[in-house]
Amino acid sequence: MTQDRLWQVLDPLWGDPRTLSALLCTSAAAIGLLKWLGRRQVQQKMEEARRARDLALERMEKAARRFKQENPGTQTAYVLSLTMVELAEKLKEGSLSPESVLCSYMGKALEVTREVNCVVDFIHGCEDQLQKLKKQKEKGLLYGIPVSIKEHINCKGHVSSGGMVQFLGQVKEEDSVIVQVLKSQGAIPFVKTNIPQTMINYDCSNLIFGQTLNPLNHQKSPGGSSGGEGALIAGGGSLLGIGSDVAGSIRLPSSFCGLCGLKPTGNRISKLGVISPLVGIKSVTGVLGPMARDVDSLALCMKALLCEEMFQLDPTVPRLPFDEEVYTSSRPLRIGYYEGDGYFMPSPSMKRAIQQTRKLLQDAGHTLVPFAPPKIDYMVDELFTRGIFSDGAAHLVDCLKGDIVDPNLKPQFSIYRLPALVKRTLAIILKPIYPRIARLLSAHCGVGSAKNLLDQHGAVEAYRTEFIAKWRKLRLDVILCPMLGPAFNHGYAGKLFAATSYTHLYNVLNFPAGVVPVSTVTRADEEELKHYRGHYGDPWDKRLKEAVEGAEGLPVAVQCVALPWQEELCLRFMKEVEALAHGTKRNLKKGKEQRPKGHIMNQQQLRQLQSEEEVDSY
């Protein structure tokens, strides 16, 4: 058919052939205009959210000034110098007032956020909470303690966005369960803190509220996704924060900012009233948990949360009150340990932190047993990655439709949005060159069917059973293991999501795991880092070296792990590590047991133990 004949056929539809060209041009222009309008609408929503944030901080500043005028004798420096346990005691005895404490921390939080951009909202209901405290006859365990809350945890009258535009403007009508319980124990939630977009990232940046900096070094990330909490607490603007953790989001900012943080067992604390772009996931367990400057603060928080109020508000939470006897026990522990997981080689400071802590624990009378987590590559690729992205990341991509992707998330998001066929093809091409990267690309394709999803859930259960069997075979109480660190340089977290293998193992297993800072990066660590090659010599190993360099003087942490539902034992172990690392003595109950001289089992003793037919149960 000639071109003229074609136009003759189309003529009844279009009239003049030039009409088609005009219509095509008009359509293209219309599509371009719609995209521009959509983008402009997104930007307007972001601008409105920023204005709301600025107004909230202005209101917070006015409230702080008013409180200060009404309480002229407030000794701010003294209040800020107290530990949370000391502060709780003084508030309960009445030597400090809740107004003076709140005023002090509001002022300090404003100072910190001006420096590092960590506070995104002022919880104005804290003023009402103060008035309610005056009327209460009984003082709760957290009476008068100001608490900061991660942005995606619901607070009545406030927005929870998760750093995503689609959730902006949705003002919550009631508090999340955890905020209700905090209030019932006398705590005063007073600010909400920044998070990375979608929270599937361990930096702390979104296009709504911007980048949060590490108060210890502004060239470094505070970690994430509870990075606003990490920055605020490390900067002195909060005593206690509530974060969340699905791959290390409490533990990573605790490590990067030199704090203590606890990821509890999945349902030990209620998660009702929290927004998330990841829903319905069973293979990997997300949790809420506390972050603070010391372990005693975490323990006090857990003791307060594990109360009748929580069990009533959320019947799915098991009625397990805090076991003080376990936390204050002084019996010697049998501790498994490992210096690396075989997936990512630890940085020099990470390895040294484990070696030094192991020696301190040995000298204190504990027994140290070598432990190797089974099948880490399989866990990372098939259990964690394929589990958390079982739908090929489709739901996560949908959450960002119409949104503008934050630059720190783009390296990850570029993979998430690829069609499954492209991911599989790239995995095949890369397998001979970069096998680790190829396996992860394949895992990002998801499970593919309902049957495969059930098989994947079964695989997680089988792995957990295998891990616990190995734990019990060695008769372990707890495990000491590395914690990713030191703090990354900006821009690297999104390029190294797989480096969280040290933390997300315990989300797959659903074990309680806590972080304790034990040292700081030395010049010798930095020199040794120059020779870091990693296990694979691939781009990820090169990036990890670049991510952690330039960290002399920054904190280095270790991770402490216990079996499910044994948060008290995990905290007791963390407390032991903290006391030994800082050279402080622990106040133990009367009748303290005399500890025998500790030792590290040699390989012969280990093989003998493993060959025993009868193994005492944990």
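See the structure printed just above.
A quick note: this is a predicted structure, and the numbers were derived from the prediction, not measured. In every chain, residue numbers begin from 1 and rise along the written sequence. Predicted model: local features are reported for residues with pLDDT of at least 70 only, side-chain atom pairs are reported and counted for 80 or more only, and whole-chain, interface and lining totals are derived from all residues. Hydrogens are left out, water is left out, and the side-chain values use all remaining heavy atoms of the structure.

S.K.: It is not clear to me how empty space enclosed by the protein should be interpreted in this structure. Could you clarify?
M.R.: A probe as big as a water molecule, rolled over the atoms, marks out the empty space that is left. In this analysis a 1.4 Å probe is tested at points of a 1 Å grid over the protein atoms alone, and where it fits but cannot get out there is a cavity; an open set with protein on both sides within 12 Å along at least five of seven lines is a pocket; lining residues have an atom within 4 Å of a point. Grid points are joined across faces, edges and corners, and a volume is the space filled by probe spheres set on the points. Tallied over the full model, the rule gives 3 cavities of 30 Å³ or more. In this structure, the largest cavity spans a volume of roughly 70 Å³. Forming the walls of the largest cavity are 14 residues, and the residues nearest its centre are Met 199, Asn 201, Ala 247, Ser 249 and Phe 497. Residues are sorted three ways: Asp, Glu, Lys and Arg are charged, Ala, Val, Leu, Ile, Met, Phe, Trp, Tyr, Cys and Pro are nonpolar, and all the rest, Gly among them, are polar. Of the residues contributing to the lining of the largest cavity, the split by class is 8 nonpolar, 6 polar and no charged.

S.K.: I'm lost on the packing of helix 19 (residues 450-473) against helix 20 (residues 501-509) in this one. Help?
M.R.: To describe two helices that pack against each other, one gives the angle between their axes and the distance between the axes. As a rule, the C-alpha atoms of each element are fitted with a line to give its axis, helices using only the stretch in contact, and angles between N-to-C directions run from 0 to 180 degrees. Only DSSP runs of H or I covering at least 4 residues are called helices, and only runs of E covering at least 2 are called strands; the numbering of each starts at the N terminus. The geometry of helix 19 relative to helix 20 is characterised by a closest axis approach of 9 Å and an angle of 105° between their N-to-C directions. Our classification of the angle between helix 19 and helix 20 gives roughly perpendicular. Where helix 19 approaches helix 20, its residues Val 460, Tyr 463, Arg 464 and Phe 467 are matched on the opposing element by Leu 505, Tyr 506, Val 508 and Leu 509. Broken down by class, the residue content of the contact of helix 19 with helix 20 amounts to 7 nonpolar, no polar and 1 charged. Small angles under 35 degrees read as roughly parallel and large ones over 145 as roughly antiparallel, with 65 to 115 read as roughly perpendicular and the rest as oblique. The contact definition used throughout considers only heavy atoms, calling two residues in contact when any of these lie within 4.5 Å.

S.K.: Hey, could you run me through the environment of Gly 494 in this one?
M.R.: Within the secondary structure, Gly 494 is located in the loop between strand 11 (478-482) and helix 20. Summary of the burial criterion: residues with accessible area below 20% of their type's maximum are buried, those above 50% are exposed, and those between are partly exposed, where the area comes from a 1.4 Å probe applied to protein chains only. On the basis of relative accessible area, Gly 494 is assigned to the buried category, the value being 8%. Separated by 82 residues in the primary sequence, Gly 494 and Gln 412 have C-alpha atoms spaced 5.8 Å apart. Residues contacting Gly 494, with those up to four places away along its chain left out, are Asn 201, Asn 408, Pro 411 and Gln 412.

S.K.: Quick question: what am I supposed to make of a nonpolar patch on the surface here?
M.R.: Like charges are joined within 9 Å and nonpolar side chains (Val, Leu, Ile, Met, Phe, Trp, Tyr) within 5 Å, but only among residues with over 30% relative accessible area and no salt bridge; these make up the patches. Note on areas: these come from Shrake-Rupley sampling with a 1.4 Å probe, and a residue is covered only by the protein chains present in the view. Salt bridges are counted wherever a side-chain nitrogen of Lys or Arg sits within 4 Å of a carboxyl oxygen of Asp or Glu. On the surface, a nonpolar cluster with roughly 230 Å² of combined accessible area is contributed by Val 422, Leu 426 and Ile 429. Among the secondary structure elements, Ile 429 is positioned in helix 17 (residues 420-430). By relative accessible area, Ile 429 is classed as exposed at 53%.

S.K.: Help me understand the nonpolar core in this model?
M.R.: Nonpolar side chains in soluble globular proteins tend to be buried together. For this analysis, a nonpolar core means a set of buried residues of the types Ala, Val, Leu, Ile, Met, Phe, Trp, Tyr and Cys, connected via side-chain atoms within 4.5 Å. If you look at the biggest cluster of nonpolar residues, it comprises 164 residues, and the most contacted ones within it are Leu 87, Tyr 202, Phe 467, Ile 479, Phe 488, Tyr 506 and Leu 571. With 9 residues, helix 5 (residues 98-116) is the single largest residue contributor to this core. What Tyr 506 contacts, discounting residues up to four positions off in sequence, is Arg 251, Lys 263, Tyr 338, Phe 467, Ile 479, Cys 481, Phe 511, Ala 513, Gln 559 and Val 561. Counting 9 residues, the second-largest nonpolar core is a separate cluster that includes Met 46, Val 165, Leu 168 and Phe 209.

S.K.: Mind showing me how you'd approach helix 5 here?
M.R.: Think of an α-helix as 3.6 residues a turn; residues three or four steps apart then line up on the same face. If you check helix 5, its first and last C-alpha atoms are 26 Å apart, about what 19 residues at 1.5 Å a residue would give, namely 27 Å. Where helix 5 ends, the next residue or the one after it, Asn 117, has phi of about 60°, a positive value. Expected span of a helix: the number of residues minus one, times 1.5 Å.

S.K.: Looking at this structure, I do not really get the environment of Asn 154. What am I missing?
M.R.: Residue placement: Asn 154 occurs in the loop between strand 2 (146-150) and helix 7 (177-184). Asn 154 sits in the buried class, given a relative accessible area of 10%. Taking the C-alpha atoms as reference points, Asn 154 and Glu 173, separated by 19 residues in sequence, lie 8.8 Å from one another. With residues up to four places along the chain from it excluded, the contact list for Asn 154 reads Ser 160, Lys 172, Glu 174, Asp 175, Ser 176, Val 179, Gly 273, Val 274 and Ile 275.

S.K.: Which parts of the structure should I look at to understand the pattern of salt bridges?
M.R.: If you walk through the whole model with that rule in mind, you get 28 salt bridges. Across the pair Glu 308 and Arg 319 runs a salt bridge whose closest N-O atoms are separated by 2.8 Å. In this pair, Glu 308 sits in helix 11 (residues 308-313) while Arg 319 sits in the loop between helix 11 and helix 12 (324-327), placing the two residues 11 residues apart along the sequence. Assessed through its relative accessible area of 41%, Glu 308 is described here as partly exposed.

S.K.: Please explain the packing of aromatic side chains as it appears in this structure.
M.R.: In this description, a pair of aromatic rings is defined by centroid distance and the angle of the planes. Ring geometry is summarised as follows: Phe, Tyr and Trp rings, the Trp one being its six-membered ring, pair when their centres sit within 6.5 Å, and such pairs are stacked at plane angles under 30 degrees, edge-to-face over 60 and tilted between the two. Enumeration over the complete set of coordinates arrives at 14 aromatic pairs. For the ring pair Phe 389 and Tyr 416, a centre distance of 4.8 Å and an interplane angle of 45° mean the geometry is tilted. Residue Phe 389 is located in the loop between helix 14 (376-388) and helix 15 (394-399), and its partner Tyr 416 is located in helix 16 (residues 410-416); the two are separated by 27 residues in the primary sequence. With respect to burial, Phe 389 and Tyr 416 carry one shared label: buried. Aromatic rings pair up to connect Tyr 338, Phe 371, Tyr 463, Phe 467, Trp 471, Tyr 506 and Phe 511 into one cluster. Cation placement over rings: the criterion is NZ of Lys or CZ of Arg within 6 Å of the ring centroid and within 35° of the ring normal. The ring of Tyr 343 has Arg 436 lying over it, and the distance from NZ or CZ to the ring centre is 5.5 Å. A cation sits over an aromatic face here: Lys 495 above Tyr 492, 5.4 Å from the ring centre.

S.K.: What is the right way to read the side chain of Thr 198 from this model?
M.R.: Examined against the element boundaries, Thr 198 turns out to sit in the loop between strand 3 (188-193) and strand 4 (205-206). Beyond its immediate stretch of four places on either side in the chain, Thr 198 contacts Gly 162, Met 164, Pro 277, Leu 396, Leu 400 and Leu 409.

S.K.: Can you help me understand unusual backbone geometry in this one?
M.R.: Backbone phi values are negative for most residues with the exception of glycine, while trans is the configuration of most peptide bonds. Looking along the chain, the bond that leaves Gly 224 and enters Ser 225 is cis, with omega of 10°. Checked against the element boundaries, Ser 225 lands in the loop between strand 5 (210-211) and helix 8 (227-234). The omega torsion across Gly 485 and Pro 486 is -5°, close enough to zero to call that bond cis. Examined against the element boundaries, Pro 486 turns out to sit in the loop between strand 11 and helix 20. Although it is not a glycine, Met 199 sits at a positive phi angle of roughly 70°. Along the polypeptide, Met 199 turns up in the loop between strand 3 and strand 4. Phi is positive for Trp 565, which is not a glycine, with a value near 70°. Residue classification places Trp 565 among the partly exposed residues on the basis of a relative accessible area of 36%.

S.K.: It is not clear to me how the pairing of strand 12 (residues 513-520) should be interpreted in this structure. Could you clarify?
M.R.: Burial runs high along strand 12: 7 of the 8 residues are buried. Pairing geometry for strand 12 and strand 13 (residues 555-561), over 7 bridges, is antiparallel. Within the sheet, the bridge partner assigned to Ser 519 lies in strand 13 and is Val 556. Note on pairing: two strands pair once DSSP finds at least 2 bridges between them.

S.K.: Would you mind going over the pairing of strand 9 (residues 334-337) with me for this structure?
M.R.: Two faces make up the sheet, and in a regular strand the side chains alternate between them. Going residue by residue along strand 9, you find Arg 334 and Gly 336 tucked away on one face and Ile 335 and Tyr 337 tucked away on the opposite face as well. In terms of strand pairing, strand 9 meets strand 10 (residues 367-370) through 4 bridges, oriented parallel. In the strand pairing of strand 10, Arg 334 is matched with Thr 367. Handedness of a crossover: with both strands directed away from the viewer, a clockwise path from the first strand across the helix to the second marks it as right-handed. In this view, the connection linking strand 9 to its parallel neighbour strand 10 by way of helix 13 (residues 348-363) has right-handed handedness. By the bridge criterion, 3 bridges tie strand 9 to strand 11 in an arrangement that is parallel. If you follow Tyr 337 over to strand 11, its bridge partner there is Leu 480.

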